[in-house]
Amino acid sequence: MPSTPRRKAPISGGRPTGAGKTSGSLVRWLLLGFLVLSVSGPFVMHSKSVIITDDHFINEAPRVSTPVARTLEQSSDAPTERIRKPKSAILTEPPAAATVVSTTPPKTVEQDNDADKDSDDSDEAATPPQKVEQNDVGKDSDESDEGQKANADAKDQESKDDESGDKDDEEDSNPTKDATDALIATSKAGAVWQNDHDMVHIIYSRFMQHQPNLVKLGLARLELFKTFCFPSISQQTNQQFLWLIRTDPELHPTLKDGLIDALQGMPNVAVIGSNEVKKGSVDRGWRSENATGDITEESLFYGSMELIQSYHEAVDQRTLLETNLDADDGLGLTFVERAQNLTFARFQELAASKQTTNLAFDRKDAWINLCVGRHLEWQFYAPWDKTTTKGSLHVGSTHICVTPGLSWATQPHARARFVKQHHLVKKNTPACDDPKQAKAPFLGCWVEIPVPGDDVMAIRARTPTSTGMNRVVMSESEWTPEEEATDRESWPLLDPSFAIPQPLVETSHKYLSDHLQDLVEENLKGQCTKDHSCSEGIKKKLKALFFQGGKWQNKHDLVHVVHTFHPFSALAASKYFSFEAMESQTTYEFLWIIYVKDASSNYVYRNQMTKRPEKSGLDVLVVQTDGPVSSTVDFRSPEAISIFSNHTLLYGEMSLLESFHQAAQTRTVLETQLGANEAITKTFVADLQNETAKRWQDDANNDKSWYYHCTSEYYEWRPFNPANMEEESETGFWNMVTPPKVEKCVERPGTTRIVGPKATLPSAYDALELEPCSPDEERTGCFVDTGKPDGARAMIPGLVKDKNPLKLSPRGLSLLVANQKNLREDVTAAFNVYMDKPRVRAIRDKMKKHETDTIPEPIGQQPADSSSPLESTRNLETSIAPARSNLTVTTALDTWKNDYDIVHILYSRFMQHQPNLLELGKARLELFKTFCLPTISHQTNPQFLWIIRTDPELNPILKDGLLESLQGMENVAVIGSNEVRKGSVDNGFRNKKAIADITPESIFYGNLDLVLSFQEATAGRIVLETNLDADDGLGLTFMETTQSLAKTTFEKIPSKNGWFNFCVGRHLEWQYFAPWDKHTDRGSFELGSTHICVTPGLSWATQPNAVPGFTVQHHLVKQDTPSCKASNKSYLGCWMEVPAPRPQDPMAIRARTPTSTGMNGVKVSHEGDWGPKAKALDDETWPLLEPDLAIPESLVKSSHKYLKDHLELLVAENLKGQCTKDHSCSEGIKKKLKSLFFEKGSWINKHDLVHVLHMEVPEKLNLSKLFISWEPVETQTVYEFLWILYVDPNIDQDSMNSLMKRLRRSPLNVVAFQTDQAPTGSFRDAETLTRLPTRRLLFGEMSLVQSYHEASQNRTLLETSLRANEAITKTFVGDIQNKTFDRLGQFGSSDWYYQCVSEYLEWRHETPLGVPPAHGFVSIAKRPSEHCTNRPGTTLITMPEAKIPDGWAKEDAKPCGNEPRAGCYTESGERNAARMLLPGIVDVPIAYQGQGSELERLTQDQSDLREDLHENFALERYHLRHFVKSVNGT
């Protein structure tokens, strides 16, 4: 690439328009004038001109026609009215040597000629001028120039020779170079830093880094730079700053020349060829030795190296101010002046405060952020005017610290820890003017730069050139009248506030309009380059700018339709494969039709299948149907769209379908078949359309042809090692597939049928039998291979038939493993599909739990054995997680300190043993930031150490989110450890083991020295340790109150052996639900119980000589420990309540939400009793949140919305997290969680099945003591069934009362009838409702029975029989529904059969020797004589049209064979049922019949068998103990 010579910033601001000697004269004249007037006379740099003034005249140098210069010429105001008088940024010699000089300009021709003569000789290597006396100015200036020339000749002869060569080139009539050389004529003469406030100010900008050759995008960004950025900086009222612009070292010459030309005339700017990103928030900013490491003679494209060096040297003992400015944004013309004044004033205020306060730090270690307040955003579009020629102006949001003008101010000895993300500055950094910061002002706070009146301090260009496309208004965006009024009022501010005339904005708008598609296409190319965004969402926004959907359109005059059948079970697969691939297409000119099964009764299914298409930006239709139209049907035909109607269309408009269908009648039609677990390359649609258009263009005879276009090769992904299905892989295995002959063209992912406009498809044909197309013949009914791998498919074992099993030798497997990284990178780059650890782990978990679903036949593939996979697994809603984060934050605070001479430790835990439950973790992080963090970061006494332990393998998204939220807090340490520490055990923090898990490797955030200093400080001091869950908070005076109280209390014990607990008294509980408002957007508050010592704020206080014996369980503290007021052993083991500032003030807050592990006290619905007092308490509580806990109501509403939007996902993950180490494992908790997203009251089933569980409750069974079935049924992993209890009329009253009580609490769809026997026949029979009359209904709604009965008429029906003394495993219902769904394709519509267990567990209340053991005796029942259908859990499965003969007895069933199943049985091969052999209830012998070795072995296995009952049937040991006692009457 040709390089552009580096140009040095002229001390002058003039830009002559001529060439040769005339140009040199003008530059020389301006240079001399600037050198003189910069010392004494008033001057101003105005864009590309220099205006030299005194009290009598204005003399303007010739100017080029740049946008800014043009604006001045076109302005109706005289230039003097717009002149601001900047302070010079550069002295020609150090400030100490500066003297006052005359302001009179050169007047004689001789002087002009001398200047002209000397200019060429002094351009390249001028030396600093000699010291000038005031009365010898005229003479010494010429002498100085001569001295410079002599010095240059002596020092650099080669430079002079080059210069001479350049002059020869000029004489060869090269006016462009002549003018350019004149423009870049510079002097190194003593360019040094200067500042009236004795500070160093750096402005950072970036231009086209890592995107050097995107010329069209670069030209558009350069246009915005010259319109918005450059005028606002070049015309700052204070020019005492250095502007550093970094750009790509290989920047295209067109862009490089344009950027440098735009800057001519500015002396205090440097352009550096570097892709490094520098800012004041990292690595000590400009103070760092590395701040100029990338600035060399070779990398400096424009500017003075001496000036840069002087700025870097000057920073040593001075205040440093660093400002960020994107190259398409601008700053108010008084910004630099105001920012410097504000910084100077604030630091001076700090110095003054030292005289009156005893601050614990030196004056010169302060550091603050400066943020812009009121600012404008210029949008390319005006929502109220689609024909706008100027765009629109909006007032930008001030709730965050925006990037233009974001500044970092530091004193020389500051140990700054700035928040790196600009949008978190105000959130995670206190305001400098906050009175709560009085203890340590300006040690990490933010202040807003004041704005005069209604003026503005910054302007942001929000255009399609943006990398992140954040807040870029689209043409169809919503707007309000107030926004339009703001736009009208803002335009007059542009010129006076930013030196940006409206005509200049209109010119830029026209440029963007004329080049919109080109620059958007290049912006798309620039996505994912280093240090730039890589979001498909951004790409969708960009593509939407030139794609107007809603009707057919195609630049090739083709019609392209993509068909995808999408069952419920494919929700996750489509998210990872088809949706990602389709949304990433480089062209959107196609129609995507997604066919879904009946979604009317499944909210999740329906919601997902409408929400994702809505965000996609594509032309999408989602139609509800039992199956797609066969691909053998032409899209042109009426049959192809017959299933569409306003009733079946879940998403999209019928007009869109009609538009494509009508266009198809006379055009070539492409129809692509894509499974939900399949993907196509990002360029697939565009490539296929281009290829087809070219073929039709080359040969018009193609109009009658039709053929299939399929991939020659494609990628396959498997979640396991293909050579060993038991061996897991973190990211799965990719391999390239060359399809064997057994796999036909139409079975491959992305197969497309192409039909010419005059072609007619056969009425019936088998796509599987098509042959390859002949090169010499017309393509009619054949297929063509693409010759490239442009498809991908996920292969899930046991889910789809694998037609291409990998048969690898050890060598082949080794090569495949070695190539995985390359394959993953290829697939990600080509398809935007990737499988990471969380996704793969979730898929394997589902497979292990047998929760995967059968995939239907793909569109157009009729034979059952040719099914193509459309699905990976069910409900894998795991978010994408990047590679493991290496983020570790070290804080500067490294020493313990406490005014009460106390060591205070605060313990919290976050996601321990649950590192990859991402959705649950995000919700908990949201609650942490809302309830926990504000209350701790705003404590009135910050002298404590907060230790937060989290899982060492915490998902990077959660880890980064946690650490980012803590930015700016010094007294906190985040530790990667699953250990649990508290003050009640092992002598608490005094024990060296308390920090054994805190190492340099495990500390994610914080300072290890600080942790060590806190433990060292425990020797001889009071230690106070406090517990706080990560979703709870403490009153803002908690730390101060407890430390003060501990100090005064222990002063009464000279032996220093005291120890006691602190307990919180009055506290709040925030509930997600509000019983009085089902539509609440903020939840509700209630007072927490104080009869126990609650976990938030529970503290352990000990003196150095104490030997404490704390009660470990928090709920037993008040029960087992006396109150300190009542104890006769003062403060030797008692508890004390933490006093509140006022009686109504809470000292703690607890978040009671579905994210809770224990779900204790969590309301799970809006249902519940409440009275006026409860509502009044809620109303009175909200105003206390902010003053007492620093929690704004808006923050609570935001968290409530987050939980609402993600409720099902986080509840599902909370269920997964149950039973992990150190977490609860209660079936009651699981029931609570499942009830949150299971809406009972009518039939619902994800598999479109109807499942009824029949249970007989015999007279002799005492339901209050021996209802064995209850727990196993209520703990089912799936609740989609109807439970009907048939209760004997003679059952005793205690049993009836117990039954009704449990029924009222049940989360299931359950009804109970009073009858002496269960009805015979099928539940589907019309007589069922007659046999179950309302008058016999004990519990439940008859409408529920009717709902299930109606649904069973045309669906597969499962009827499971169970007695009250029998049990089924927790996964029984889910397993049998999944398996039935998997096998539906194997049955006829009239088949019916029984499924029964092969063996089951039996429980007896006594051993074979007649001894009643504590937990009974468990055996495995294998009874050959017992008919299969009489075993517990037997299920009758009937297809929709099945008829059971009258008088049929289930004992008549025979084993099923290969013939159609009609009244036969099949054994499951699993042990998923149990029976309790209770006297008087069962017909088989109670005593165990086994003997000898069998009995001995069984006796040894009792522990394992009882564990089986516990793990799989939810029958705990205490249940078994209770059963034994009940049978024995004890």
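Scroll up a little and you will see the structure.
A. Structural detail: the overall build of the protein chain. When you go through the protein chain residue by residue, the secondary structure sums to 43 helices and 53 strands. Counting over 1530 residues, the protein chain shows a buried share of 58%. Within the protein chain, contacts between residues at least 6 apart in sequence are counted, and of these 81% link residues at least 24 apart. Carbon together with sulfur atoms contributes 49% to the accessible area of the protein chain, which is approximately 62,400 Å² in total.

B. Region of interest: the pattern of salt bridges. Across all of its chains, the model carries 35 salt bridges by this definition. A single network of salt bridges, built from pairs that share partners, joins Arg1082, Asp1178, Glu1193 and Lys1197.

C. View of unusual backbone geometry. Backbone geometry places Asp198, a non-glycine residue, at a positive phi of 60°. Note that Asp198 resides in the loop between helix H7 (175–183) and strand S4 (199–207). Of note, the phi angle at Ala499 is positive, near 60°, even though the residue is not glycine. Taking relative accessible area as the criterion, Ala499 reaches 2% and is therefore assigned buried.

D. Broad picture of helix H9 (residues 253–263). In terms of burial, H9 is a largely internal element, eight of the 11 residues being buried. Here H9 has its buried residues at Pro253, Leu255, Lys256, Gly258, Leu259, Ile260, Ala262 and Leu263. In this fold, the buried residues of H9 make contact with S4, helix H8 (215–234), strand S5 (242–247), strand S6 (269–273) and strand S7 (300–302). Looking one or two residues beyond H9, the residue adopting positive phi is Gly265, at roughly 105°.

E. Representation of the state of the cysteines within the structure. A complete count under the given rule lists eight disulfides for this structure. Between Cys1396 and Cys1428 runs a disulfide, and the two sulfur atoms are separated by 1.2 Å. Disulfide Cys1396-Cys1428: torsion about the S-S bond near 50°, hence right-handed. You can see Cys1396 sitting in strand S47 (residues 1392–1396) and its partner Cys1428 sitting in the loop between strand S49 (1417–1421) and strand S50 (1435–1438), a full 32 residues away along the chain. Cys1428 shares its class with Cys1396; the two are buried.

F. Quick peek at the sheet that holds strand S27 (residues 780–785). Across the sheet, which stays open at both edges, the nine strands sit in the order S19-S18-S17-S16-S20-S25-S22-S27-S26 with mixed pairing between neighbours. Edge positions in the open sheet fall to strand S19 (649–651) and strand S26 (771–772), since each of these has one partner strand only. Judged from the two bridges that link them, strand S18 (residues 619–624) and S19 form a sheet pairing that is antiparallel. Among the inter-strand pairings, Val622 is bridged to a residue of S19, identified as Tyr651. Sheet strands touched by helix H20 (residues 654–664): strand S16 (559–566), strand S17 (591–596), S18, S19 and strand S20 (669–673). Its angle to S18, the strand with the most contacts, is close to 110°. Sheet contacts for helix H21 (residues 684–698): S16, S20, strand S22 (706–710) and strand S25 (752–755); angle to S25, the most-contacted strand, approximately 25°.

G. Examining the packing of aromatic side chains more closely. All chains considered together, the criterion is met by 20 aromatic pairs. Chaining the aromatic ring pairs together yields one cluster made of Phe1050, Phe1060, Phe1062 and Tyr1131. Over the face of the ring belonging to Phe301 we find Lys256, whose NZ or CZ atom lies 3.6 Å from the ring centre. Note that Lys959 overlies the ring of Phe1004, its terminal NZ or CZ placed 3.9 Å from the centroid.

H. Seen up close, the sheet that holds strand S36 (residues 1068–1071). Here four strands make up an open sheet; going across it, the order is S34-S40-S36-S37 and the pairing mixed. Of all the strands in the sheet, the pair left with one neighbour each is strand S34 (1032–1034) and strand S37 (1084–1087). With direction set aside, neighbouring strand axes in the sheet form an average angle of 20°. Bridge count between S36 and S37: four bridges; the pairing is antiparallel. Looking at S37, one finds that Leu1068 is bridged to Leu1087. Against the sheet, helix H25 (residues 918–937) makes contact with S34, S36 and strand S40 (1148–1152), and its axis sits at roughly 15° relative to S34, the strand it touches most. Against the sheet, helix H30 (residues 1172–1181) touches S36 and S37, its axis set at about 105° to S37.

I. Local environment of the environment of Arg488. With respect to the element layout, Arg488 can be found in helix H13 (residues 481–498). Sequence separation between Arg488 and His394 is 94 residues; the distance between their C-alpha atoms is 9.7 Å.

J. A look at H8. Under the 1.5 Å per step criterion, the end-to-end length of H8 is only 25 Å for 20 residues, more than 12% shorter than the ideal 28 Å. Residue Phe225 marks the point of greatest curvature in H8, where the axis turns by about 40°. Where burial is concerned, most of H8 is hidden: 17 out of the 20 residues are buried.

K. Layout of the pairing of strand S53 (residues 1473–1476). Burial along S53 is two-sided: the residues Ala1473 and Arg1475 and Ala1474 and Met1476 are all buried. Pairing between strand S46 (residues 1366–1368) and S53: three bridges, direction antiparallel. The partner of Ala1367 across the bridge, within S53, is Ala1474. As paired elements, strand S48 (residues 1400–1404) and S53 share three bridges and run parallel to each other. Its bridge partner being in S53, Trp1403 is matched across the sheet by Met1476.

L. Region of the structure containing the packing of H8 against helix H14 (residues 502–514). At their nearest, the axes of H8 and H14 sit 10 Å apart, and the two run at 170° to each other. By the angle between their directions, the pair H8 and H14 is classed as roughly antiparallel. Only Leu504, Val505, Thr507, Ser508, Tyr511 and Leu512 of H14 make contact with H8, whose side of the interface consists of Leu219, Ala220, Glu223, Leu224, Lys226, Thr227 and Phe228. For the contact of H8 with H14, the class distribution of residues is eight nonpolar, three polar and two charged.

M. Representation of the environment of Phe1062 in the model. Here Phe1062 is to be found in strand S35 (residues 1059–1064). Along the chain, Phe1062 and Ala1046 lie 16 residues apart, while their C-alpha atoms are 9.1 Å from each other.

N. Structural context of the packing of H25 against helix H32 (residues 1193–1205). H32 packs onto H25 with a crossing angle of 170° between their chain directions and a minimal axis gap of 10 Å. Relative to H32, the element H25 lies roughly antiparallel. Here Glu919, Lys922, Ala923, Glu926, Leu927, Lys929, Thr930, Phe931 and Pro934 of H25 lie close against H32, whose contacting residues are Leu1195, Val1196, Ser1198, Ser1199, Tyr1202 and Leu1203. Grouping the amino acids of the contact of H25 with H32 by side-chain chemistry returns eight nonpolar, three polar and four charged.

O. The arrangement of the nonpolar core in detail. Core analysis: the biggest nonpolar cluster contains 50 residues, and Phe225, Trp243, Leu263, Ile368 and Leu370 have the highest contact counts within it. The element that contributes the greatest number of residues to this core is H8, accounting for seven residues. Among all residues touching Trp243, those that are not within four sequence positions of it are Ile203, Ser205, Phe225, Cys229, Phe230, Ile233, Leu263, Met266, Asn268, Val269 and Ala270. Within the second largest apolar cluster, 48 residues are counted, among which are Leu933, Ile936, Val1094 and Tyr1131.

Calculation criteria
- Every chain is numbered on its own, with residues counted from 1 as its sequence reads.
- Where totals are concerned, whole chains, interfaces and linings use all residues; where local detail is concerned, this predicted model gives features only for residues with pLDDT of at least 70, and gives and counts side-chain atom pairs only at 80 or more.
- In computing side-chain properties, one takes all heavy atoms of the structure into account and sets aside hydrogens as well as water.
- Only runs of H or I of at least four residues qualify as helices and only runs of E of at least two qualify as strands under DSSP, and these elements are numbered from the N terminus.
- Partly exposed residues are those whose accessible area sits between 20% and 50% of the maximum for their type, while under 20% is buried and over 50% is exposed, using a 1.4 Å probe and protein chains only.
- Between two residues, a contact is recorded if the distance between any of their heavy atoms is within 4.5 Å.
- Per-residue and other accessible areas follow the Shrake-Rupley method at a 1.4 Å probe size, with only the shown protein chains counted as cover for residues.
- Each reported salt bridge corresponds to a side-chain nitrogen of Lys or Arg within 4 Å of a carboxyl oxygen of Asp or Glu.
- By definition, disulfides here are pairs of cysteine sulfur atoms that lie within 2.5 Å.
- Note on pairing: two strands pair once DSSP finds at least 2 bridges between them.
- Helix axes are fitted only over the stretch in contact, all axes being lines through C-alpha atoms; the angle between N-to-C directions runs from 0 to 180 degrees.
- The criterion for an aromatic pair is that two Phe, Tyr or Trp rings (for Trp, the six-membered ring) have centres within 6.5 Å, with stacked assigned to planes under 30 degrees apart, edge-to-face to planes over 60 apart and tilted to the rest.
- Charge over a ring is defined by NZ of Lys or CZ of Arg lying within 6 Å of the ring centre and within 35 degrees of the ring normal.
- To estimate the expected span of a helix, subtract one from its residue number and multiply by 1.5 Å.
- A residue's bend is the angle separating two fitted axes: one through the seven residues that end there, the other through the seven that start there.
- Convention used here: angles under 35 degrees read as roughly parallel, angles over 145 as roughly antiparallel, angles from 65 to 115 as roughly perpendicular, and any remaining angle as oblique.
- When residues are grouped by polarity, Ala, Val, Leu, Ile, Met, Phe, Trp, Tyr, Cys and Pro land in nonpolar, Asp, Glu, Lys and Arg in charged, and all others, Gly among them, in polar.
- Among buried residues, those of type Ala, Val, Leu, Ile, Met, Phe, Trp, Tyr and Cys that are joined through side-chain atoms within 4.5 Å constitute a nonpolar core.

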